[in-house]
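# A closer look at the structure
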Protein chains: 2
Amino acid sequence: MLAKTMNHQILHTLENKNVRPTPMRMLVLEQFLQNRTARSLGELEAAMPRADRITIYRTLRTFEEKGILHAITDGSGATHYALCPDACEPEHHREFHPHFHCIRCGRTLCLDITTQPPASLPGGFQLLDMEVQLKGVCPECG
Amino acid sequence: MLAKTMNHQILHTLENKNVRPTPMRMLVLEQFLQNRTARSLGELEAAMPRADRITIYRTLRTFEEKGILHAITDGSGATHYALCPDACEPEHHREFHPHFHCIRCGRTLCLDITTQPPASLPGGFQLLDMEVQLKGVCPECG
DNA sequence: CCTCCATTTGCAATTGCATTGCATCCCCCC
DNA sequence: GGGGGGATGCAATGCAATTGCAAATGGAGG
């Protein structure tokens, strides 16, 4: 992907979600557009040595609020964030997308498939959101 | 449930899983048998003021290793543990059981239903385990 | 162009959960 | 009765998450 195209996509996404396109935000979003693995704050910090940890932290929160990223808690100890296949909306992530955590390389990947919530919940439960974590071995490690 | 019955069940479970039935372990297991909500270390500590935090922590780990409890990471910041409807086996939790996190009361409940992993994963992915988190409003809060 | 205000950023410090080390205690086995 | 392994309790540490505050930035209005 050409840099120019990438930049366009970044700006488009940020404006679309009502997030002011600051350099830091563009940098963080670029990280996520480069590939579809979920990143933790620590990983992002390592990938962008010049950026301040706390600023990245708040950028991630902002992105999550605005529906650009969503948080994944894959049991690795640190919250991971990932850009979703299709854009989610603020306050409500509409897609039921599974995340695959590879036990070998430790990466968490967004899968491009959708999963269905259980056909029938016990009485009285009102379902608003769902998160599916898959664990196993990814193609590159298998 | 009568106390005697409860005690029997506790002893039975512990021996069945090759866990020596110490007073502390019986106490912790009793907490989980009393109801089916998932508990964090902090919640257990509060429920058993005389018990040492670290000991509870290690008891939970032991229970998890031996297949009595399993860990749930529901995004609340603290790992929760829950007794499962049917016993899991050490090293491998065989049942794909969803957990329901109520956004009102904050409790995480084990649901007595099973969920199916996605019918088809993209090529090369090897599935070993699955965790399904449901979020919404529970019957008591609805 | 300058000023004011809101947002964003950077640094410091704190909180809270998870984890480990070590000494002690208890129980089973010899 | 003594030895050894598991269990417990206390202290201390590591790491992620979070907040407070001050400085920098950018846009709106005069």
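What you are looking at is a predicted structure, and each value in this text was computed from that prediction instead of being measured.

## Brief notes about the packing of aromatic side chains
- The full count for this structure, using the stated rule, is two aromatic pairs over all chains.
- Here phenylalanine 100 of chain A and phenylalanine 125 of chain B contribute two aromatic rings whose centre-to-centre distance is 4.6 Å and whose plane-to-plane angle is 65°, an arrangement assigned as edge-to-face. Of this pair, phenylalanine 100 of chain A sits in strand 4 (residues 98–102) while phenylalanine 125 of chain B is found in the loop between strand 5 (108–110) and strand 6 (126–137), placing the two residues in two different chains. For the pair shown, phenylalanine 100 of chain A and phenylalanine 125 of chain B are each scored as buried.
- The ring of phenylalanine 32 of chain A has arginine 39 of chain A lying over it, and the distance from NZ or CZ to the ring centre is 5.8 Å.

## Overview of the interface of chain A and chain B
- Taken together, the contacts link 29 residues of chain A with 29 residues of chain B.
- Taking both partners together, chain A and chain B bury about 2400 Å²; carbon and sulfur atoms supply 72% of that area.
- The interface formed by chain A and chain B holds zero salt bridges in total.
- At the surface where chain A touches chain B, the tally comes to nine residue pairs in polar contact (both at pLDDT 80 or more).
- Class assignment of the residues belonging to the side of chain A that touches chain B gives a composition of 17 nonpolar, nine polar and three charged.
- Across 11 bridges, strand 6 (residues 126–137) of chain A lies against strand 6 of chain B in antiparallel orientation. Following the sheet pairing, leucine 134 of chain A is matched in strand 6 of chain B by methionine 130 of chain B.

## Looking at the protein's contact with DNA strand D
- Around DNA strand D, the surrounding shell holds 15 residues, and the nearest of these are Tyr57 and Thr79 of chain A together with Thr22, Arg25 and Arg58 of chain B.
- Across the atoms of DNA strand D situated within 4 Å of the protein, the share located in sugar and phosphate is 66%.
- The side chain of tyrosine 57 of chain A places a nitrogen or oxygen atom 2.7 Å from a phosphate oxygen of DNA strand D.
- For DNA strand D, a phosphate oxygen lies 2.5 Å from a polar atom in the side chain of arginine 25 of chain B.
- Counting only elements with at least two residues in the surface near DNA strand D, the list comes to helix 4 (53–65) of chain A together with helix 2 (23–34) and helix 4 (53–65) of chain B.
- In terms of residue count, the dominant contributor to the surface near DNA strand D is helix 4 of chain A (four residues).
- By residue class, the composition of the surface near DNA strand D is five nonpolar, four polar and six charged.

Scoring rules and cut-offs
- Residues numbered from 1 in each chain as written.
- Chains lettered and ligands numbered in written order.
- Predicted model: local features only at pLDDT ≥ 70, side-chain atom pairs only at ≥ 80, totals over all residues.
- Heavy atoms only, no water.
- Phe/Tyr/Trp six-rings, centres within 6.5 Å; stacked < 30°, edge-to-face > 60°.
- Helix = DSSP H or I, 4+ residues; strand = E, 2+ residues; numbered from the N terminus.
- Buried < 20%, exposed > 50% of the residue type's maximum accessible area, 1.4 Å probe, protein only.
- Lys NZ or Arg CZ within 6 Å of the ring centre and 35° of its normal.
- Contact = heavy atoms within 4.5 Å.
- Buried area = accessible area lost by both parts, 1.4 Å probe.
- Salt bridge = Lys/Arg side-chain N within 4 Å of Asp/Glu carboxyl O.
- Polar contact = N/O pair within 3.5 Å; in protein donor to acceptor, adjacent residues only side chain to side chain.
- Nonpolar A, V, L, I, M, F, W, Y, C, P; charged D, E, K, R; others polar.
- Pairing = 2+ DSSP bridges.
- Near = heavy atom within 4 Å.

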